[in-house]
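Structure assessment
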Amino acid sequence: MRKPCPNAAPVPALSVVSPVYCEAAGLGTFLDRLEAVLRPLRLDYEIILVDDGSGDDTWLRMREESARRPVLRCLRLSRNFGKEAALVAGLEAASGKAVVILDSDLQHPPELIPRMVELWRQGEADIVEAQKSVRQKESFSSRLFARLYYGLLARVAAFDLRNASDFKVLDRKVLDAWKALPERRVFFRGMSSWLGFRRTTIFFEPAERENGTSKWSFFAKLMLALDSLSAYTAKPLSLIWLMGLLFAAFSLGVGGEALWMKFQDKAVSGFTTVILLILITGAAILGSICLLSLYIRQIFHEVKNRPRYLVGERLGFAEKKEHAVPLYAHPWRAGRQPGRAFRPHISARRARGPHSRPGLNAGTAL
Ligand code: UDP
Ligand code: MG
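Residues numbered from 1 in each chain as written. Chains lettered and ligands numbered in written order. Predicted model: local features only at pLDDT ≥ 70, side-chain atom pairs only at ≥ 80, totals over all residues. Heavy atoms only, no water.

This paragraph deals with the site of ligand 1. The immediate surroundings of ligand 1 are formed by 17 residues, with E23, D52, D105, S214 and K215 found nearest. The contact in question runs from an oxygen atom of ligand 1 to an N or O atom on the side chain of S104, over 2.9 Å. The fraction of the free accessible surface of ligand 1 (530 Å²) that becomes covered by protein chains is 89%. (Near = heavy atom within 4 Å. Polar contact = N/O pair within 3.5 Å; in protein donor to acceptor, adjacent residues only side chain to side chain. Areas by Shrake-Rupley, 256 points an atom, 1.4 Å probe, with all protein chains shown as cover.)

Here it is in structure tokens:
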């Protein structure tokens, strides 16, 4: 039997993971409120913040905070990869028996964590989800867009994510199952819903943002909506079949009538029919190409098999305390042995995702 490594860091009971993008102003308050609820739980915990390539002083603030808080671990992604990728980075770095996920803008009230953790500790649920009891204040168009999107998702992919949020507690077994999903492009809410497991829900009213504004533009939301729909269901593709069948029936009718008129020597110009046919056929062909392109886009991103994120710096992790690590520095050095030609041993192939080799995908290599 393998002996436990004597220097191995003890496994905390809780890992709290939060993505952070340009939240320098509110970071101190967020950590104060978080620690104020975590300390009384009398559980070992770690807080993992992932700086998603912020352009403001977020990383500086993290450095300062990490000098004051031994439980803080920070990752800085090499650029802005988006919230979903930042979440993946944090979750892959988490070592706790359960993971709490929440936004760092204080719209997910940390004061709810004790109740959520208690539900997990009672062992009745593997996933504790905090659902919004009301949607946060948003414009009419955003509300309409969200309604349409969630309605469509519920209908075609059978996921009801209407008031779902990323504010959750996941048991280690759920996290491990989630980590085994090989997708490069991640939609965390959809994936955690797909996993199943025993779940329980509590409700909360999302707070107003204390600082800054939401980072989601309409276009970013639209792309996430299209990607998540095409990632979880192939049903829209059957629309193309349906259109094909309808058109086949329609052309039989119109074609039959045209021939009949011709043989009767009654052929008329039929201008309207021709125009209508061209318009409808064109729309159907273009619509089908759009649908196909959604799936080709997914395939394109998946076959490229690029890492989901790259880590530029780490702070507070057990093996390397407080310093910046250049990208890929360790694998390169490890590949360089005395008397041997230099051979960077982290090939692109190995750097790919959880199925390549644990600990060697680009996200965890450093
Ligand atoms: N976020 C991130 N990367 C991004 C955008 C956002 O890590 O590219 C973080 C952000 O700091 C916050 C959370 O994701 O903690 C939710 O972002 P936001 O408040 O902009 O989204 P909303 O609450 O409007 O859905
Ligand atoms: Mg927010």
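Here we take up the coordination of the magnesium ion (ligand 2). All of the protein donors around the magnesium ion (ligand 2) are D105 (OD) and Q107 (OE1); their distances to the metal are 2.0 to 2.1 Å. In this structure D105 comes out as buried when scored by relative accessible area, which is 8%. Classification of Q107 by relative accessible area gives buried; the value is 11%. (Donors = N, O, S within 2.8 Å, 3.2 Å for Na, K, Ca; no water. Buried < 20%, exposed > 50% of the residue type's maximum accessible area, 1.4 Å probe, protein only.)

The backbone of L106 shows a phi angle near 70°, a positive value even though the residue is not glycine. Residue placement: L106 occurs in the loop between strand 4 (98-101) and helix 4 (113-121). Using a relative accessible area of 3% as the deciding quantity, one classes L106 as buried. (Helix = DSSP H or I, 4+ residues; strand = E, 2+ residues; numbered from the N terminus.)

The full count for this structure, using the stated rule, is 2 aromatic pairs. Between Y149 and Y150 the ring centres are 5.0 Å apart and the planes differ by 55°, which places this aromatic pair in the tilted class. Aromatic pair F167 and F204: ring centres 5.7 Å apart, planes at 85°, arrangement edge-to-face. Within this pair, whereas F167 is found in the loop between helix 5 (140-156) and strand 6 (168-171), its partner F204 is found in strand 7 (residues 199-204), the two being separated by 37 residues in sequence. Taking relative accessible area as the criterion, F167 reaches 0% and is therefore assigned buried. Looking at F204, the relative accessible area reads 4%, which means it is buried. For R79, the ring lying beneath its charged end belongs to F81, and the centroid distance is 3.9 Å. The aromatic ring of F317 is capped on one face by R314, whose charged end is 4.3 Å from the ring centroid. (Phe/Tyr/Trp six-rings, centres within 6.5 Å; stacked < 30°, edge-to-face > 60°. Lys NZ or Arg CZ within 6 Å of the ring centre and 35° of its normal.)

The biggest cluster of nonpolar side chains holds 42 residues, and the ones touching the most others in it are L77, L91, W178 and Y309. Aside from chain neighbours lying at most four places away, what touches L91 is V17, V99, I101, L175, W178, K179 and F188. Formed by 37 residues, the second largest nonpolar core is a distinct cluster that contains V16, F30, L41 and L72. (Core = buried A, V, L, I, M, F, W, Y, C linked by side-chain atoms within 4.5 Å. Contact = heavy atoms within 4.5 Å.)

Turning our eyes to something else, we now look at a nonpolar patch on the surface. On the surface, a nonpolar cluster with roughly 590 Å² of combined accessible area is contributed by F250, F271, I275, L276, L279 and I280. With respect to the helices and strands, the residue I275 is situated in helix 10 (residues 271-304). (Patch = residues over 30% accessible without salt bridge, like charges linked within 9 Å, V, L, I, M, F, W, Y side chains within 5 Å. Salt bridge = Lys/Arg side-chain N within 4 Å of Asp/Glu carboxyl O.)

Moving on, we come to the pattern of salt bridges. Counted under the stated rule, the structure contains 21 salt bridges. A salt bridge links E111 to R33; its shortest N-O distance comes to 2.9 Å. On the criterion of sequence distance, the pair formed by E111 in the loop between strand 4 and helix 4 and R33 in helix 1 (residues 27-38) is long-range, its members being 78 residues apart. Looking at E111, the relative accessible area reads 40%, which means it is partly exposed. Using a relative accessible area of 25% as the deciding quantity, one classes R33 as partly exposed. One salt bridge in this structure joins K173 and D126, with 3.3 Å as the shortest N-O distance.

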